[in-house]
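If you want the building blocks of each chain, they are given just below.
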Amino acid sequence: MNGEFFGKGVYPLAEIGRPTKVEVNLQHIRQNLHAARQHLYPGSEIMAVVKADGYGHGAVAVAKTALHAGAAWIGVALAEEGVVLRKNEIDAPILILGYSSRDQIRLAISERLDITVYDMETLDEVRKAAAELGREAAVHVKVDTGMGRLGIQAEALDESWLKRLTDSPRIWWRGLFSHLAESEAEDPAYTRRQLSRFLDLVELLRRRDAIPPWLHLANSGGTFKYPGTHFNMVRFGLGLYGLPPYPAIADALRPALSWTSQVAFIKRVPAGFPVGYGRTFTTPGPMQLAGVPVGYADGYRRGLSNRASVLIRGRRYPVVGRISMDQMTVAIPPDHPVARGDTVTLIGEDGTERITADELAEILGTISYEVVCGIGTRVPRFYTER
Ligand SMILES: *Cc1c(COP(=O)(O)O)cnc(C)c1O
């Protein structure tokens with residue numbers, strides 16, 4: 001299956017034959033969803049979070065797969081991301097998790113995307129746009145229980161808010177949510193504090209008989225670690241892709257993405273041979289140098305220069321010299337069999353060896369999220385079921 005199946009034009013390069021490509025195993029996506037379900041508090045549903053083009057995996061393919069496998073909702077960051085899903089015949093409820101401008105609010109209402117509101121101004125803009133468009137607008141109120149980001153302070157959700165939420169005929173108050181700041185951390189104390197703030201608010205609303213249909217707090221870390229944060233939905237992102245939010249859960253998940261390229265050429269060089277811009281690497285002895293047509297413009301970041309490894313024929317070899325915009329070089333001992341056209345694995349498995357997004361993230365001093373989101377749009381995505 002290729003990009004075509006999931007919507008024309010989503011990955012226009014997928015038909016052409018670039019050897020640098022991403023393969024996403026949809027069977028693994030299903031298995032990861034199943035792993036989440038085994039941890040779910042009974043009665044809780046899954047929102048598959050596919051923002052940033054499905055964490056680089058392809059939002060349309062992942063959303064369709066997750067919905068077929070039983071996810072109830074889809075989460076995106078921007079109205080525009082929701083529109084792409086609607087254009088590809090995804091009819092499920094979709095929540096925009098992030099900030100929406102006035103124009104994005106209008107787009108969201110037209111496309112039946114649920115809008116996150118986090119201040120009175122946004123709520124008023126939603127009311128106004130809904131009235132102008134003559135449409136109903138579904139909203140989820142986001143409260144800040146200790147993340148210090150998007151969300152009103154829990155204490156601020158007062159009578160005037162409730163009145164505006166419940167008195168407007170065109171506003172459908174469909175959800176209340178908050179976000180955990182460190183659900184993957186070893187120490188549960190802070191998550192407990194956030195949960196208890198959220199619970200206090202839910203209790204307050206219950207007393208006023210003003211509970212919206214959906215309450216949600218957990219991300220992937222919360223899904224696996226804290227059933228008390230599940231309410232009736234979890235927002236499941238990282239884990240869906242098989243990337244572990246914390247190391248102990250890795251065995252329950254299967255990474256869905258592999259990123260490969262090809263050996264474009266091999267050349268045999270003597271000792272003392274410089275490689276790449278700035279000559280940051282010089283061969284210590286006779287060597288084979290393999291050129292690989294992938295670079296930082298594809299998201300294989302320059303910070304990996306002289307630090308990362310790749311897999312060829314089931315063995316690990318170092319990336320040497322600076323990574324360029326469109327190419328990089330791998331050093332191979334002179335007696336190892338490699339050939340032009342061999343598969344080069346940047347992320348994924350080859351034989352018994354494996355390179356994870358976490359491995360690259362560690363080198364770069366970042367997290368796996370940023371590694372997979374950073375894979376460029378000029379890298380075609382393919383979908384497999386193996
Ligand atoms: C991205 C996001 C999630 C998903 O988080 P993961 O750690 O990837 O599971 C959940 N909720 C919100 C508000 C988000 O922005």
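Residues numbered from 1 in each chain as written. Predicted model: local features only at pLDDT ≥ 70, side-chain atom pairs only at ≥ 80, totals over all residues. Heavy atoms only, no water.

Undergrad: Explanation requested: the pairing of strand β21 (residues 381-384) in the structure shown.
TA: Where a strand is regular, its side chains alternate between the two sheet faces. Burial of the side chains of β21 extends over both faces: Arg381 and Tyr383 are buried on one face and Phe382 and Thr384 on the other. In this sheet, β21 lies alongside strand β1 (residues 21-25) in parallel orientation, the contact comprising 4 bridges. Residue pairing in the sheet places asparagine 25 in a bridge with threonine 384 of β21. (Buried < 20%, exposed > 50% of the residue type's maximum accessible area, 1.4 Å probe, protein only. Helix = DSSP H or I, 4+ residues; strand = E, 2+ residues; numbered from the N terminus. Pairing = 2+ DSSP bridges.)

Undergrad: Honestly, the pattern of salt bridges in this entry has me stumped. Any pointers?
TA: Oppositely charged side chains can pair when the atoms bearing their charge come close. Counted by the stated rule, this structure contains 20 salt bridges. Note that arginine 174 is salt-bridged to aspartate 114, the shortest N-O span being 3.0 Å. Placement of the pair is arginine 174 in strand β8 (residues 171-177) and aspartate 114 in strand β5 (residues 114-117), with a sequence separation of 60 residues. Taking relative accessible area as the criterion, arginine 174 reaches 15% and is therefore assigned buried. Judged by relative accessible area, aspartate 114 falls into the buried class, the value being 2%. Connected through shared salt-bridge partners, Arg18, Asp298, Asp326 and Arg378 make up one network. (Salt bridge = Lys/Arg side-chain N within 4 Å of Asp/Glu carboxyl O.)

Undergrad: What is the right way to read the site of the ligand from this model?
TA: Neighbouring the ligand are Val49, Lys51, Tyr55, Leu97, His179, Asn219, Ser220, Arg235, Gly237, Leu238 and Tyr369. Within the side chain of lysine 51, one N or O atom sits 2.6 Å away from an oxygen atom of the ligand. Between tyrosine 55 and the ligand, the recorded distance is 2.6 Å, taken from a side-chain N or O atom to an oxygen atom. Calculation on the ligand without its partners gives an accessible area of 390 Å², and the protein chains cover 94% of this total. Taken together, the residues that form the shell around the ligand break down as 5 nonpolar, 4 polar and 2 charged. (Near = heavy atom within 4 Å. Polar contact = N/O pair within 3.5 Å; in protein donor to acceptor, adjacent residues only side chain to side chain. Areas by Shrake-Rupley, 256 points an atom, 1.4 Å probe, with all protein chains shown as cover. Nonpolar A, V, L, I, M, F, W, Y, C, P; charged D, E, K, R; others polar.)

Undergrad: Before we go on, may I ask you to explain the packing of helix α6 (residues 120-133) against helix α7 (residues 159-167) in this structure?
TA: A pair of packed helices is characterised by two quantities: the angle between their axes and the separation of those axes. Closest axis-to-axis distance for the α6/α7 pair is 11 Å, and the angle between their directions is 15°. If you check the angle between α6 and α7, you find them roughly parallel. The chirality of how α6 crosses α7 is left-handed. From α6, Met120, Leu123, Asp124 and Arg127 reach across to α7, where they touch Ser160, Trp161, Arg164 and Leu165. (Axes fitted to C-alpha atoms, helices over the stretch in contact; angles between N-to-C directions. Parallel < 35°, antiparallel > 145°, perpendicular 65-115°, else oblique. Left-handed = near helix turned anticlockwise from the far one by under 90°. Contact = heavy atoms within 4.5 Å.)

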